[in-house]
Structures are given as C-alpha cells and as structure tokens.
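Chain residues, written in single-letter form:
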Amino acid sequence: MEKRMSRRKFVRLAGAALAVVALPGCSLAADKLTEEKKTQVPTAVKSGDIYVPYSERQGKESVVYFTRDLSAAGLLKIYDRISQNLRGKVAVKLHTGEPHGPNIIPRPWVKRLLADRLPEAHIIETNTYYNGGRYTTEDHRRTLAINGWTEFATVDITDEPGTAMLPVPGGKWFQEMSVGQNMLNYDSLLTLTHFKGHAMGGFGGSNKNLGIGCADGRIGKKMIHSGDSGQQWGIVQEEFMERMTESTKATVNHFAGKIAFINVLRNMSVDCDCAGTGAKSVVTPDVGMVASLDILAADQASVDLVYALPEESKHDLVERMESRHSMRQLTYMKEMGMGNDRYQLVDIDNSDEIIDVQTAVQGIKGTWAGEKI
C-alpha cells in the first residue's frame with residue numbers, strides 16, 4: 001500500500017526546496033539570465049559584400065516581368081501585368097527628388113500612368129532626415145513644384161500631420177516602425193522605384209524606396225540611420241541594411257495583398273536621387289524595367305541584371321553595391337519571409353518568353369549613352 005506523506009514531512013521538504021531556490025548563487029544566476037535576456041543586443045549578419053549567383057540560391061520562384069521599353073508606353077505595359085492587387089484608394093510611392101534632380105523617373109511617364117490607369121491615385125512622400133530641399137514640409141512642397149510633380153498630381157507628404165507606428169513582425173532591431181500618418185489612409189500601394197546606387201544602401205530598389213521613403217523624417221528615419229549610435233549616420237553596412245529592411249516589412253505587411261513593385265533601371269548613378277544635381281555622373285547603361293508582386297524578386301532581379309552586364313558597364317555600380325555590403329538587403333528580406341530570390345523572368349517584349357538575365361541584357365555594352373525618354 002502506498003504510504004501517505006505526513007503534512008509535517010511535506011512542509012519540511014517544501015521548505016527545503018524553497019531554501020535551495022533562495023540560495024544566493026541560484027537567485028543571482030536566475031536574475032542574471034533574466035537581465036541578459038532583457039539587455040541582449042542584436043547583431044547584424046555579415047557577408048553583405050558577397051553576391052550570391054542564381055545557381056546557389058534555393059527555394060521557390062516568383063514571377064518577374066521585364067521590358068526594355070523605357071518610355072511612358074513601356075511603363076503602362078508593365079504596370080498592367082501587376083495591377084490586379086491595386087484597388088480602392090491607391091498611393092504611388094516614388095522618389096520625387098531634390099530640386100532639379102537629373103535622374104528621377106521622368107515626370108511625363110508618371111503623368112501618363114496616372115491619367116490612363118490611376119486617375120484618383122496620390123503620390124506619397126515623407127520629409128527627409130538630412131537638411132536639404134525636402135527637410136521641412138514647406139521646403140518639400142517648394143521642391144515638388146520645382147520638379148513639376150504638382151502640375152499633374154496630388155502629392156501627400158504623409159508625415160506632415162504626424163506619425164503612426166506599424167508593427168514589424170519578427171524584427172530583431174524593431175518591434176514597430178514610425179511612418180507618415182497619412183499613409184494609413186490608403187488601401188493599396190504601387191511602389192514605383194528608380195533603381196540606382198545609394199551612398200549608404202549600395203543600391204536603392206523597392207526595399208529602400210519603402211524602408212527609408214515611408215519612415216517619417218524625424219522618428220522613423222532616425223531609428224534606421226542613427227539608432228543609439230549618437231551619430232546621424234552612425235548605422236552602416238549590414239546593420240543598416242537590416243534596419244531598413246525591417247522598416248520595409250512594416251509597410252509591406254500593412255498593405256499585404258494590395259501592393260505591387262516596379263523598378264526602373266535607367267539613369268543609374270551610383271548616388272541616390274537624394275543627391276540631386278550633386279549625384280555622380282551616370283556611367284552604367286540603361287537596362288529596362290522589372291515588375292513583380294514580390295518585392296525581393298523585383299530587387300533581386302534588378303541586381304542580377306546589373307551583374308549580368310559586361311565588366312566595363314557594371315564596374316562602378318557593382319563596386320558601390322559591394323563596398324556598402326548591400327547584398328544583406330536581399331538575404332535579410334528572404335530571412336524575414338518577404339519573398340523569393342529565385343524567379344521566372346518574363347520577357348513581355350517577346351511573347352512572354354521566359355529568359356535569363358544574360359539574355360535580357362544581350363547587346364548592352366559600354367557606358368551610358370544619354371537620355372532615353
């Protein structure tokens with residue numbers, strides 16, 4: 001027969017167990033583990049300077065559309081391939097540029113896109129973190145007028161009335177990101193991006209357009225660029241790529257199922273459109289446009305197209321990408337579940353033939369030959 005434990009014995013054993021837990025060493029160890037968990041500092045994954053060839057990637061494939069037609073007609077044609085998710089009140093996020101910016105997406109293209117396909121859409125922007133032509137809302141509106149955007153479009157500076165916080169699912173740097181408050185007024189988002197180099201990001205694709213471009217000018221951009229570094233541009237290389245990507249994820253998740261991406265590979269200076277007239281001269285030849293419902297696939301295809309160019313054509317832009325460790329944008333988007341780095345490239349100029357990037361850039365050589373509008 002099982003013997004019952006006496007109440008006195010139970011109390012004695014329970015007291016002994018509590019005493020063990022209360023021993024100074026055990027208590028301090030438990031407190032230390034708790035404190036370490038609270039204060040654990042995330043670290044960025046390195047190797048952002050290494051380009052991963054397509055043959056070494058794994059996983060599913062997305063669809064990326066491609067056209068060589070760098071014109072308003074070409075933009076309409078490729079937009080139609082990814083427009084199915086854009087409904088309700090549509091925002092168009094593009095980089096409107098510093099005053100007289102020479103490399104931004106041509107305004108006549110955007111004017112025709114809005115007139116023919118998105119007559120009720122608004123362009124959205126945010127103020128900048130640096131003190132330039134778009135630092136304050138007043139200066140920003142003056143720059144928009146100088147660059148001709150307000151002649152045909154309503155431009156909503158989304159952080160003018162304030163900010164809003166969006167969650168960052170799975171983020172290690174942020175649990176939430178501060179964005180322009182007015183962005184939440186829209187149902188769908190077209191990400192219309194001038195693909196080019198970037199002084200800190202290495203390249204500026206759809207990820208940069210949303211990650212930096214939707215974060216508000218005072219809080220969100222500071223979270224990405226400065227963090228706790230104490231310096232305005234204190235966050236660099238892989239950590240910067242990861243923070244920017246987490247900011248992008250907040251916006252992409254907010255518009256899940258109602259967002260699309262177009263990258264325009266034209267006038268690809270190694271500098272961003274933030275540099276305005278100070279951007280370094282373009283040497284990389286124009287390639288075309290890509291579009292997808294997958295942000296990672298769109299940016300990865302854009303990078304792959306540049307890498308497929310002849311050495312003399314790609315040298316400067318590739319050097320900018322690798323020296324800033326920008327490939328971490330791509331690998332982190334994949335880790336964050338934002339898309340696929342493998343894709344089928346659909347040539348909409350040639351009966352939707354599936355091609356590789358080498359075929360897409362065939363015949364392109366030398367350096368930039370000038371305007372193609």
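Residues numbered from 1 in each chain as written. Predicted model: local features only at pLDDT ≥ 70, side-chain atom pairs only at ≥ 80, totals over all residues. Heavy atoms only, no water.

A. Broad picture of the sheet that holds strand S1 (residues 61-67). What the 9 strands build is an open sheet, ordered S4-S3-S2-S7-S10-S11-S1-S12-S13; its pairing is mixed. Taken across any chain shown, the strands that pair with only one partner, and hence form the sheet edges, are strand S4 (155-157) and strand S13 (353-355). When the angles between neighbouring strand axes are averaged without regard to direction, this sheet yields 30°. On the sheet, helix H9 (residues 295-307) packs against S1, strand S10 (259-265), strand S11 (288-292) and strand S12 (342-347) and is oriented at approximately 10° with respect to S10. (Pairing = 2+ DSSP bridges. Helix = DSSP H or I, 4+ residues; strand = E, 2+ residues; numbered from the N terminus. Axes fitted to C-alpha atoms, helices over the stretch in contact; angles between N-to-C directions. Contact = heavy atoms within 4.5 Å.)

B. A look at the pairing of S10. Counting buried residues along S10, 7 of its 7 residues qualify, which places the element largely inside the surrounding structure. Residues Ile259, Phe261, Asn263 and Leu265 line one face of S10 and the alternating positions Ala260, Ile262 and Val264 line the opposite face, and both faces are buried. Bridging between S10 and S11 involves 5 bridges; their strand directions are antiparallel. Bridging across to S11, Asn263 finds its partner in Val290. (Buried < 20%, exposed > 50% of the residue type's maximum accessible area, 1.4 Å probe, protein only.)

C. Up close: the confidence of the model for the chain. Chain-level pLDDT for the chain is 91 on average; 89% of the residues reach the 70-or-more range. The model gives residues 1-30 a pLDDT under 50, and that stretch makes 5 contacts with residues more than four places away or in other chains. (pLDDT = per-residue confidence, 0-100.)

D. Geometry of the packing of aromatic side chains. A full pass over the atoms with the stated rule returns 5 aromatic pairs. Centre to centre, the rings of Tyr54 and Tyr343 are 5.4 Å apart; their planes meet at 90°, and the pair counts as edge-to-face. Here Tyr54 is found in the loop between helix H2 (24-39) and S1, whereas its partner Tyr343 is found in strand S12, with 289 residues between them in sequence. Ring geometry for Tyr129 versus Trp233: centroids 5.4 Å apart, planes at 80°, classification edge-to-face. Within this pair, whereas Tyr129 is found in the loop between strand S3 (122-125) and helix H5 (137-146), its partner Trp233 is found in the loop between helix H7 (220-225) and helix H8 (237-254), the two being separated by 104 residues in sequence. Owing to a relative accessible area of 14%, Tyr129 belongs among the buried residues under this scheme. The positively charged end of Lys89 is found above the aromatic ring belonging to Tyr186, 4.9 Å away from the centroid. Geometry around Tyr135 places Arg218 over its ring, the cationic atom sitting 3.8 Å from the centre. (Phe/Tyr/Trp six-rings, centres within 6.5 Å; stacked < 30°, edge-to-face > 60°. Lys NZ or Arg CZ within 6 Å of the ring centre and 35° of its normal.)

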